[in-house]
Amino acid sequence: MSRSWPRLMLLWNGNDKSTHIYGNLTPLYCRLRVLTVMFLSAALVDNILYNYLTISHLPEGWSIDDILKQDFSLIFTFIPYSTWTGLVFSMITFTCRFTWTYGDLLLMIICTSLAEKYRQINKGIAKAVNTNVQNIAFWKKVRQDYGRVFRLCQAVDDHISNLLILSFANNILVISMQLYISIKLLLPIQRAIMHVVKNMKLLYAKHSGCLSTYESLKFTFILGKCFGMFPMEGLASRNLRMLKFRLISIPTVYTAVYMVAMLMLSFMCTFTWNYTDLFIILLSTALTSKLNCMNYRMRMVLTDKSKDMTLWNKLRHDFNSVSDLCKLLDHEISDIVFLSFGINLFIILVQLYNSLKPRSQSVVGQVYFMYSFMFLIFRAVGVLLYGSSIHEANKETGIILMSTPSDVYNPAIMDIFRGLNFPEILFDPL
């Protein structure tokens with residue numbers, strides 16, 4: 001990223017000069033300074049509180065060695081401790097913390113600056129529309145400036161995509177660690193609740209000693225019978241001699257039917273969950289294929305520099321048909337997309353929680369757990385990537401049309417541009 005940053009800044013500076021005529025919405029310099037100071041101050045406060053918490057757990061008369069041993073206790077179980085080694089690891093930890101904070105801050109500054117570029121152009125377009133500007137040269141200048149900003153965004157995306165993934169992964173990891181720590185902090189509260197429940201049970205047992213065990217458990221047995229458990233006759237009777245189990249009886253048949261229904265329901269839920277993800281992937285692939293075909297035809301027509309309005313009107317009609325199809329499907333299956341994403345996220349969190357508990361030490365158990373967890377991750381990511389491929393193909397259409405020569409540009413291309421962004425073509429779960 002550092003090697004290509006000077007060239008990227010030259011491109012950015014050229015965009016600043018071209019969009020300067022639209023004016024500045026807000027003093028960007030001050031906004032970025034305030035954002036930097038606030039973000040780094042919040043990170044500094046977090047680091048100070050962490051160090052204070054670490055020191056508060058140390059005994060009186062602590063030294064720097066005690067802090068280093070406590071912070072890197074896991075590392076010093078494998079290597080011998082020395083003060084210099086602890087200081088080196090402390091320096092590495094500080095560098096990693098600062099790099100993590102600086103990476104997030106850099107992404108926010110870049111995104112804020114790029115958003116300001118689009119706001120500048122939007123301000124110029126709104127002013128021109130309000131004053132009813134008819135100058136073709138001005139609108140051609142606006143189109144060229146928009147194309148420059150669009151290419152700048154593409155160049156920035158190419159350079160910071162790895163940083164974006166790293167930042168997101170680091171934040172998810174730290175959030176998961178904090179969630180795990182919060183679970184441990186809630187254990188004393190859980191023990192107190194269990195102690196209260198235990199005392200309530202003892203109190204109830206003390207005051208209900210006049211009842212027989214059968215009378216005390218009768219309601220529980222009847223409730224279980226409703227859900228296919230305890231298939232016995234005479235549960236509601238006070239006479240224990242009426243309580244009997246028969247293999248061929250109405251309660252037994254009801255339990256068998258109930259269990260089969262529950263197994264079928266469980267199988268149907270599992271199949272529906274898998275089928276929903278597959279359904280979204282197949283629909284996304286089909287729509288992406290149609291958009292890619294449209295992109296290929298547009299690319300060929302622009303390569304030939306065709307000015308045939310009949311051909312461009314046909315392309316506009318085909319594009320509108322595909323766009324309407326995408327919007328219709330998005331309207332119909334948005335709930336399914338939201339449900340699929342929610343279920344996948346929930347099951348991944350359940351598997352992540354199960355990973356914190358002691359697992360089977362057998363090879364089969366470990367292989368199953370690793371395969372199941374990786375399969376959940378890959379299928380969730382697959383659904384997201386296939387679903388986003390529609391938007392990527394839609395963006396490719398814009399990139400192709402942005403390279404249209406001025407002598408080929410016509411109202412049909414302008415209509416296609418309008419259809420690209422109002423609204424955008426994508427699967428939106430909301």
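Residues numbered from 1 in each chain as written. Predicted model: local features only at pLDDT ≥ 70, side-chain atom pairs only at ≥ 80, totals over all residues. Heavy atoms only, no water.

(A) Seen up close, the confidence of the model for the protein. Across the protein, pLDDT averages 76, with 78% of residues at or above 70. Low pLDDT (under 50) marks residues 201-214, which in the prediction has 6 contacts with non-local residues, meaning those over four places away or in another chain. (pLDDT = per-residue confidence, 0-100. Contact = heavy atoms within 4.5 Å.)

(B) The arrangement of helix 1 (residues 5-18) in detail. With 14 residues, helix 1 should reach 20 Å at 1.5 Å per residue; the first-to-last C-alpha distance of 20 Å fits that figure. Looking only at helix 1, the buried set comprises Leu-8, Trp-12, Asn-15 and Ser-18. Buried positions in helix 1, seen along its axis, are confined to an arc of 115° and lie on one side of it. The exposed residues of helix 1 that point more than 90 degrees off its buried face are Arg-7, Leu-10 and Lys-17. (Helix = DSSP H or I, 4+ residues; strand = E, 2+ residues; numbered from the N terminus. Expected span 1.5 Å × (residues − 1). Buried < 20%, exposed > 50% of the residue type's maximum accessible area, 1.4 Å probe, protein only. Arc of directions from axis to C-beta.)

(C) Main features of unusual backbone geometry. The backbone of Lys-305 sits at a positive phi, close to 55°, despite the residue not being glycine. Among the structural elements, Lys-305 can be located in the loop between helix 8 (250-303) and helix 9 (309-355). Residue Lys-305 is classed as exposed on the basis of its relative accessible area of 52%.

(D) Representation of the nonpolar core within the structure. In this structure, Met-294, Met-298, Trp-312, Leu-315 and Leu-401 are the most contacted members of the largest nonpolar core, which totals 28 residues. If you list the elements that add at least two residues to this core, you get helix 8, helix 9, helix 10 (363-402) and helix 11 (411-421). The greatest single-element share of this core, amounting to 9 residues, is contributed by helix 8. Not counting chain neighbours up to four residues away, the residues in contact with Trp-312 comprise Val-301, Leu-302, Ser-306, Lys-307, Leu-401, Val-408, Asn-410, Ala-412 and Ile-413. Grouped together as the second largest cluster of nonpolar side chains are 15 residues, Leu-107, Ile-110, Leu-114 and Leu-152 included. (Core = buried A, V, L, I, M, F, W, Y, C linked by side-chain atoms within 4.5 Å.)

(E) Geometry of the packing of helix 1 against helix 4 (residues 83-130). Where helix 1 contacts helix 4, the axes come no closer than 11 Å and their chain directions differ by 30°. Between helix 1 and helix 4, the angle falls in the class roughly parallel. For the crossing formed where helix 1 meets helix 4, the hand is left-handed. On helix 4, the residues that touch Trp-5, Trp-12, Asn-15 and Asp-16 of helix 1 are Ile-110, Ser-113, Leu-114 and Lys-117. Of the residues assigned to the contact of helix 1 with helix 4, the class counts are 4 nonpolar, 2 polar and 2 charged. (Axes fitted to C-alpha atoms, helices over the stretch in contact; angles between N-to-C directions. Parallel < 35°, antiparallel > 145°, perpendicular 65-115°, else oblique. Left-handed = near helix turned anticlockwise from the far one by under 90°. Nonpolar A, V, L, I, M, F, W, Y, C, P; charged D, E, K, R; others polar.)

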